[in-house]
Amino acid sequence: GGGAWSQWTKNWENTITNNIMLKLSAVLSRLPIWLAVVNLSDPTKTITIYGIPINLTDEEAITDQNKVYKVDQRLTLNVTITGKRSVISELSSDDFTAVAPLDEISVANSVQVEVSANKKNVENKISIVNQSVKAVSVDVEDLVDEQYPVEVEITGELAKGYYLGGYSNSRNNIIVTAPESVQHKIDKAKVIVDVSNASQSFEEKYKIKLYDENGNTIKNTNVTKNYNKTKVSIEVLKGNTIPVDVEYSGKPAKGYEVTGVEFEPQKVTLVGKHSLIDSLESIKVPKEDISVDGAKDTVNVEVNLNKYLPDGVSVSDSANAIATITVKVEKLETKKFQINKSDISLQNIESGYIAEISSDSISVSLTGLKSELDKVTPDDIKAVVNLKGINSNKTVDVSLTVPNNTTLKNKVSVKVKVTKK
């Protein structure tokens with residue numbers, strides 16, 4: 001009985017084994033067909049993904065060394081990938097990350113770009129066969145400090161009748177931190193203050209801007225200033241135009257005369273505090289400051305008109321504050337004129353008498369400036385002899401009237417013959 005059971009068991013095992021082998025053989029015989037079907041329905045493809053942004057990371061590796069960097073090239077790349085159509089058909093640039101770690105910058109300032117898929121299940125099913133940008137060139141520069149004076153530029157016109165008294169600036173200097181290449185371009189630091197139509201003093205904060213030598217503003221994200229603004233105080237003064245009044249003292253040397261006073265400017269515009277400026281009607285240059293004592297020639301004097309003004313008031317234009325004063329001093333001349341006796345008037349002849357001048361003419365000497373003497377003719381000199389109370393021959397003084405700006409140098413007398421009718 002045992003032998004029969006053993007034989008049956010063995011037969012049974014053979015039957016099962018043969019059955020499994022037949023089935024496995026059937027499955028294996030169908031596998032190439034199944035694989036072919038799968039490959040036909042989900043083939044391997046190669047595509048290019050465009051416009052993946054390149055991210056620069058670990059920038060502190062540069063900035064911690066007090067340096068800055070810039071990249072001139074466009075920071076995007078394209079990748080060519082291979083994979084099953086079902087995996088890659090829906091992929092876009094958003095599914096990839098491109099990184100250029102700045103802590104791995106080379107001596108030649110080049111950084112390798114690493115591209116990877118964002119999802120692990122995608123990363124394992126694709127192959128990157130090409131990327132359009134394999135490395136990024138980075139320009140690295142030292143940051144340097146430079147100090148610049150802060151200039152104030154005034155633009156615009158104040159209200160009519162008002163003048164700029166001056167200004168003060170709270171920041172005389174600033175320190176600019178910038179890449180060396182940018183520092184070379186900076187020409188000046190400046191604020192622009194518009195005073196259009198202002199009629200009173202004011203104070204405001206203004207942004208400090210940097211300019212190149214052509215007057216263009218310099219804009220760069222790597223440029224910093226220790227101060228960005230400055231407070232500017234503008235003093236606005238009221239104006240008042242008044243005349244200048246000049247006097248002189250002393251007498252020229254004997255035989256000389258003051259012939260005129262000339263001065264420039266004759267009017268000046270004053271600026272100052274409103275309460276002071278309105279009360280001034282003229283600037284008086286006192287006679288003590290302009291002396292012609294003993295002068296034989298023209299006297300020229302320069303005076304600063306500001307010294308005759310109260311504190312808080314001044315001439316608006318400092319160049320105009322210097323007055324040039326000229327006191328003309330000229331030598332007097334003497335000129336003789338002959339007056340015919342027919343031109344001498346005999347007055348108050350006593351009743352019953354006849355009077356006659358003995359000489360044919362008289363000589364009259366006048367002193368004055370040559371320019372004045374040249375204008376005089378004998379007809380301009382009036383000669384009168386007063387004979388009241390005279391009834392005999394006598395020498396009588398002649399009363400002479402001479403032209404303006406001339407002086408009679410000598411007394412003149414004539415012999416008069418007086419006889420009864």
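Note that the coordinates shown come from a computational prediction; the quantities given were computed from them, not determined experimentally.

## Some words on the overall build of the chain
Across its full length, the chain holds 7 helices and 31 strands. Taking 22 Å as the expected radius of gyration for a compact globule of 421 residues, we find that the chain reaches 58 Å, considerably beyond that expectation. The principal-axis extents of the C-alpha atoms in the chain amount to approximately 225 × 40 × 40 Å. Across the 421 residues in the chain, those meeting the buried criterion constitute 31%. Of the side-chain charges in the chain, 50 are positive and 55 negative, and the distance between the mean point of each set is 6 Å.

## Some points on the side chain of Gln131
Inspection of the secondary structure assignment puts Gln131 in strand β7 (residues 126-131). From its side chain, Gln131 meets the backbone oxygen of Val113 in a polar contact 3.1 Å long. Within the structure, Gln131 has its side chain in polar contact with the backbone oxygen of Val133 (distance 2.9 Å). When neighbours within four sequence positions are excluded, Gln131 is seen to be in contact with Asn78, Val79, Val113 and Val115.

## Let's talk about the sheet that holds strand β31 (residues 413-420)
Spatially, 3 strands are ordered β25-β31-β28 in an open sheet, and the strand pairing comes out antiparallel. The sheet is open, and its two edges are formed by β25 (353-357) and β28 (394-397), each paired on a single side. Adjacent strand axes in the sheet meet at a mean angle of 40 degrees when their direction is disregarded. Inspection of the sheet shows β28 paired to β31 by 4 bridges, in the antiparallel sense. Counted as the bridge partner of Thr395 is Lys415 from β31.

## Observations concerning the pattern of salt bridges
Pairing of side chains with opposite charge becomes possible as their charged atoms draw close. In total, this model carries 10 salt bridges according to the counting rule given. With a closest N to O distance of 3.3 Å, Lys284 and Asp245 form a salt bridge. With Lys284 in strand β19 (residues 283-285) and Asp245 in strand β16 (residues 229-246), the pair connects residues that are 39 residues apart, well separated along the chain. The exposed category is assigned to Lys284, whose relative accessible area is 55%. Taking the shortest distance from any N to any O, the salt bridge between Lys370 and Asp374 comes out at 3.0 Å. Judged by its relative accessible area of 46%, Asp374 falls in the partly exposed class.

## Section: the packing of aromatic side chains
The tally for this structure, following the rule as stated, stands at 0 aromatic pairs. A cation sits over an aromatic face here: Arg171 above Tyr227, 3.6 Å from the ring centre. The ring of Tyr211 is capped by Lys190, whose NZ or CZ atom sits 4.6 Å from the centre of that ring.

## Considering the sheet that holds strand β6 (residues 114-117)
Strands sit in the order β6-β4-β1-β3-β7 across an open sheet of 5 strands; the sheet is mixed. Both outer strands of the open sheet, β6 and β7, are each paired with one neighbouring strand and no more. Between one strand axis and the next, the sheet turns by 35 degrees as a mean value, whatever way the strands run.

## Some details on unusual backbone geometry
With an omega dihedral of -5 degrees, the bond running from Glu264 to Pro265 counts as a cis peptide bond. Along the chain, Pro265 falls in the loop between β17 (256-264) and β18 (267-272). One non-glycine residue, Asn109, lies in positive phi territory at about 60 degrees. For Asn109, the position within the fold is in the loop between β4 (96-101) and β5 (110-112). On the basis of relative accessible area, Asn109 is assigned to the partly exposed category, the value being 27%. The residue Asn348 is not glycine, and still its phi comes out positive at about 60 degrees. Here Asn348 shows up in the loop between β24 (344-347) and β25.

## Some points on the confidence of the model for the chain
Averaged over the chain, the pLDDT score is 88; the fraction of residues at 70 or greater is 91%. In the model, residues 32-38 has pLDDT below 50 throughout and makes 0 contacts with residues more than four positions away in sequence or in other chains.

## Observations regarding the nonpolar core
Judged by nonpolar contacts, the single largest core of 28 residues is most densely connected at Leu270, Val285, Val303, Leu305 and Ile325. Those elements giving two or more residues to this core turn out to be β16, β17, β18, β19, β20 (299-304), β21 (313-315) and β22 (322-331). Per-element accounting of this core gives the leading share, 4 residues, to β22. Excluding its chain neighbours within four sequence positions, the residues that come into contact with Val285 are Val244, Asp245, Val246, Glu247, Ile290, Val303, Leu305, Tyr308 and Ile325. Leu91, Ala98, Ala117 and Val136 belong to the second largest nonpolar core, which has 25 residues in total.

## Concerning a negative patch on the surface
A grouping of Glu59, Glu60, Asp64, Asp103, Glu104 and Glu114 is seen on the molecular surface, where their side chains present a negatively charged patch. For Glu60, the position within the fold is in helix α2 (residues 60-63). Residue Glu60 is classed as partly exposed on the basis of its relative accessible area, which comes to 41%.

## Remarks on the pairing of strand β3 (residues 76-84)
The sheet contact formed by strand β1 (residues 44-57) and β3 spans 8 bridges and is antiparallel. Along β3, the bridge assignment pairs Pro53 with Thr76. Looking at chain direction, β3 and β7 are connected through 5 bridges and run antiparallel. Among the inter-strand pairings, Ile81 is bridged to a residue of β7, identified as Ile128.

Reading guide: rules and limits
- Residues numbered from 1 in each chain as written.
- Predicted model: local features only at pLDDT ≥ 70, side-chain atom pairs only at ≥ 80, totals over all residues.
- Heavy atoms only, no water.
- Helix = DSSP H or I, 4+ residues; strand = E, 2+ residues; numbered from the N terminus.
- Rg over C-alpha atoms; globule rule 2.2 N^0.38 Å.
- Buried < 20%, exposed > 50% of the residue type's maximum accessible area, 1.4 Å probe, protein only.
- Lys, Arg positive; Asp, Glu negative; His and termini not counted.
- Charge placed at Lys NZ, Arg CZ, Asp CG, Glu CD.
- Polar contact = N/O pair within 3.5 Å; in protein donor to acceptor, adjacent residues only side chain to side chain.
- Contact = heavy atoms within 4.5 Å.
- Pairing = 2+ DSSP bridges.
- Axes fitted to C-alpha atoms, helices over the stretch in contact; angles between N-to-C directions.
- Salt bridge = Lys/Arg side-chain N within 4 Å of Asp/Glu carboxyl O.
- Phe/Tyr/Trp six-rings, centres within 6.5 Å; stacked < 30°, edge-to-face > 60°.
- Lys NZ or Arg CZ within 6 Å of the ring centre and 35° of its normal.
- pLDDT = per-residue confidence, 0-100.
- Core = buried A, V, L, I, M, F, W, Y, C linked by side-chain atoms within 4.5 Å.
- Patch = residues over 30% accessible without salt bridge, like charges linked within 9 Å, V, L, I, M, F, W, Y side chains within 5 Å.
- Areas by Shrake-Rupley, 256 points an atom, 1.4 Å probe, with all protein chains shown as cover.

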